[in-house]
Amino acid sequence: MSDYTKILLEEHEMPTRWYNIAPDLPEPLPPPLHPGTLQPATGEDFAALFPKALIEQEMSTERYIDIPEPVLDVYRLWRPSPLFRARRLEKLLDTPAKIFYKYEGVSPAGSHKPNTAVPQVYYNALEGIRKLTTETGAGQWGSSLAFACAQFGLECEIWQVAASYRAKPHRRTMMEIWGGVVHPSPSNLTEFGRSLLAKDPDHPGSLGIAISEAVSEAVADPGVRYALGSVLNHVLLHQTIIGEEALLQLAKVGETPDVLVGCTGGGSNFGGLAFPFLREKLAGRMNPVIRCVEPAACPTLTKGQYRYDFGDTAGLTPLMKMHTLGHDFIPEPIHAGGLRYHGMAPLVSHVYQLGLVEAISVPQRECFASALQFARTEGIVPAPEPTHAIAAAIREALACKASGEEKVILTALCGHGHLDLAAYDKYLSGEMVDLEFSDADLAEAMKSVPVIA
Ligand SMILES: *Cc1c(COP(=O)(O)O)cnc(C)c1O
């Protein structure tokens, strides 16, 4: 019992249901709004974008949703994923705290994103959809969706933020290996893309712009739908397999977390880990402090406003009530590309607004310093995004060292960094700088956020 390092579940112990937090929320989630009428959006408003099964999940009030057998079958390629106790890191920090991390880098794409890519493609395949379009920043979501499309025989067309398309050719290669077709965004394939390129032929792009391009291509063809890798309720739902497994794994070794920390870009790996624990907390069965960790250069929860805003730059999506930096906001090019998004999952924003979870921001050099401590002890090279969670876990463990408290800390190592070595190179050579967040830029971008009475 005491000398575990890696806590595994047997294949037959893998959870067979996702957890939907909606019915357990102390106050209901504010609905998405139709951008024209400003009335609550209906399933119909999403019908050109998503298959019916996913729209139902998006609006579902069922506490548990069964994972279809063909999805479980693909999950078994890498799930259940391991939970590690970071004994070597604890020793380095000389802390009385126990640090646990749930490792999602074991998936084929190297992150948690296939947990939702696989069911999204499955439900589209069931409804006879031929092709999915999507956007990708660093390429993690695009490669996850391309992998999932290959599993179920769908075509996959991906708009990759131009700056990363040029800087990160290896992720593009991964997408192409799995059969994906990749365009830099802005592209000359869409009207919106052409309008941006006319102003700046070297436009670096942004996630919000790439979403606009992928959405406009999907709605133009009834055989095509769009897929989003974060933010939406159904995405967080699919990711809850992470937290459900972690609950079972901690129970095996008789531990409950005192502190849970997770990195938040759009909120999906955080929600996936945290919501099953929040369920236990709301039911009075445990009482962990739950904390979101975001980049200091893109502080959506800690500096943004809780308002209705668009998910994309062109303003094509329904309005969502979320913490936002403004859909026109273009975050500084930090290395954690997956955390460079102007908005936050409405579910994560809502539980933050209700005071059920906390949030902090961390500058990128502290993140990479923490990642090196982690890699040199635990061995795994983290993706730049979860270095934020690791930095927060280390802060907490050092506080325990000072106070003598023996807290149990849980986090998700949601991806490995094997395709992000250029970022490590920058850090190791001393060239990495902490990028500023500008209140003036924020104020400017907030002007574009619709004012809703
Ligand atoms: C995409 C990504 C993120 C950010 O997305 P969330 O929805 O906030 O989880 C974080 N980490 C990794 C490894 C990613 O690929």
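Residues numbered from 1 in each chain as written. Predicted model: local features only at pLDDT ≥ 70, side-chain atom pairs only at ≥ 80, totals over all residues. Heavy atoms only, no water.

Caption draft 1: Fine view of the sheet that holds strand β15 (residues 408–413). The 7 strands lie next to each other as β1-β4-β5-β15-β10-β11-β14, forming an open sheet whose pairing is mixed. In the strand order of this sheet, the two ends are held by β1 (6–7) and β14 (358–362), each with one partner. Pairing between strand β4 (residues 83–85) and strand β5 (residues 98–103): 3 bridges, direction antiparallel. In the strand pairing of β5, Arg-85 is matched with Phe-100. Contacts from helix α16 (residues 387–403) reach β5, β10 (259–263), β11 (289–295), β14 and β15, with the element oriented near 155° to β10. (Pairing = 2+ DSSP bridges. Helix = DSSP H or I, 4+ residues; strand = E, 2+ residues; numbered from the N terminus. Contact = heavy atoms within 4.5 Å. Axes fitted to C-alpha atoms, helices over the stretch in contact; angles between N-to-C directions.)

Caption draft 2: Inspection of the domain arrangement of the chain at higher detail. Per the domain assignment, the segments making up the chain are domain 1 (5–14 + 80–110 + 236–429) and domain 2 (52–65 + 113–233). Taking the mean C-alpha position of each, domain 1 and domain 2 sit 23 Å from one another. The interface is formed by 33 residues belonging to domain 1 together with 34 residues belonging to domain 2. Around 2700 Å² of area is buried between domain 1 and domain 2 when both sides are counted, 60% of it from carbon and sulfur atoms. Of all residues in domain 1, Ala-109, His-238 and Leu-419 bury the most surface against domain 2, accounting for 23% of the area lost on that side. (Domains from an automatic or database assignment. Buried area = accessible area lost by both parts, 1.4 Å probe.)

Caption draft 3: Structural view of the packing of aromatic side chains. Per the stated rule, a full pass over the model turns up 15 aromatic pairs. Taking the centre distance of 4.9 Å and the plane angle of 70° together, the rings of Tyr-101 and Phe-374 count as edge-to-face. Linking Tyr-101 in strand β5 with Phe-374 in helix α15 (residues 364–378), this pair joins segments that are 273 residues apart in sequence. Per residue, the accessibility class of Tyr-101 equals that of Phe-374, and both read buried. Relative to Tyr-424, the ring of Phe-368 has its centre 5.1 Å away and its plane inclined at 75°; by these criteria the two rings are edge-to-face. (Phe/Tyr/Trp six-rings, centres within 6.5 Å; stacked < 30°, edge-to-face > 60°. Buried < 20%, exposed > 50% of the residue type's maximum accessible area, 1.4 Å probe, protein only.)

Caption draft 4: Layout of unusual backbone geometry. For the bond running from Arg-79 to Pro-80, omega is -10°, close enough to zero to count as cis. Among the secondary structure elements, Pro-80 is positioned in the loop between α3 (69–75) and β4. Looking along the chain, the bond that leaves Ser-185 and enters Pro-186 is cis, with omega of 10°. On the secondary structure map, Pro-186 appears in the loop between β8 (181–185) and α9 (191–199).

Caption draft 5: Examining the site of the ligand more closely. In the vicinity of the ligand, 16 residues are found, and the nearest of them are Lys-113, Ser-230, Gly-265, Ser-268 and Asn-269. Take Lys-113: an N or O atom from its side chain is 2.6 Å from an oxygen atom of the ligand. Within the side chain of Ser-268, a nitrogen or oxygen atom sits 2.7 Å from an oxygen atom of the ligand. Bound to the protein, the ligand loses 97% of the 380 Å² it would expose on its own. When its residues are assigned to classes, the shell around the ligand shows 2 nonpolar, 12 polar and 2 charged. (Near = heavy atom within 4 Å. Polar contact = N/O pair within 3.5 Å; in protein donor to acceptor, adjacent residues only side chain to side chain. Areas by Shrake-Rupley, 256 points an atom, 1.4 Å probe, with all protein chains shown as cover. Nonpolar A, V, L, I, M, F, W, Y, C, P; charged D, E, K, R; others polar.)

Caption draft 6: How the structure looks around the packing of helix α5 (residues 114–126) against helix α6 (residues 140–152). For the pair α5 and α6, interaxial distance at closest approach is 8 Å and the crossing angle is 40°. On the basis of their axis angle, the class for α5 and α6 is oblique. Pair α5 / α6 crosses with right-handed handedness. Between α5 and α6, the residues in contact are Pro-114, Thr-116, Ala-117, Val-118, Gln-120, Val-121, Tyr-122 and Ala-125 and Trp-141, Ser-144, Leu-145, Phe-147, Ala-148, Cys-149 and Phe-152, respectively. Along the lines of polarity and charge, the residues of the contact of α5 with α6 split into 12 nonpolar, 3 polar and no charged. (Parallel < 35°, antiparallel > 145°, perpendicular 65-115°, else oblique. Left-handed = near helix turned anticlockwise from the far one by under 90°.)

Caption draft 7: Structural context of the side chain of Glu-104. Here Glu-104 is to be found in the loop between β5 and α5. Polar contacts involving the side chain of Glu-104 include one to the side chain of Arg-79, which spans 2.8 Å. Within the structure, the side chain of Glu-104 is placed 2.8 Å from the side chain of Ser-81, a separation counted as a polar contact. The contact partners of Glu-104, leaving out residues within four places of it in the chain, are Arg-79, Ser-81, Gly-110, Ser-111, His-112, Asn-115, Ile-242, Leu-413 and Cys-414.

Caption draft 8: The pairing of β11, seen in detail. The buried fraction of β11 is high, at 6 of 7 residues. Following the backbone out of β10, through helix α12 (residues 268–282) and into the adjacent parallel β11, one traces a crossover that is right-handed. The pairing of β11 with β14 spans 5 bridges and is classified as parallel. The residue of β14 that forms the bridge with Arg-291 is Glu-358. (Right-handed = clockwise from strand over helix to strand, strands pointing away.)

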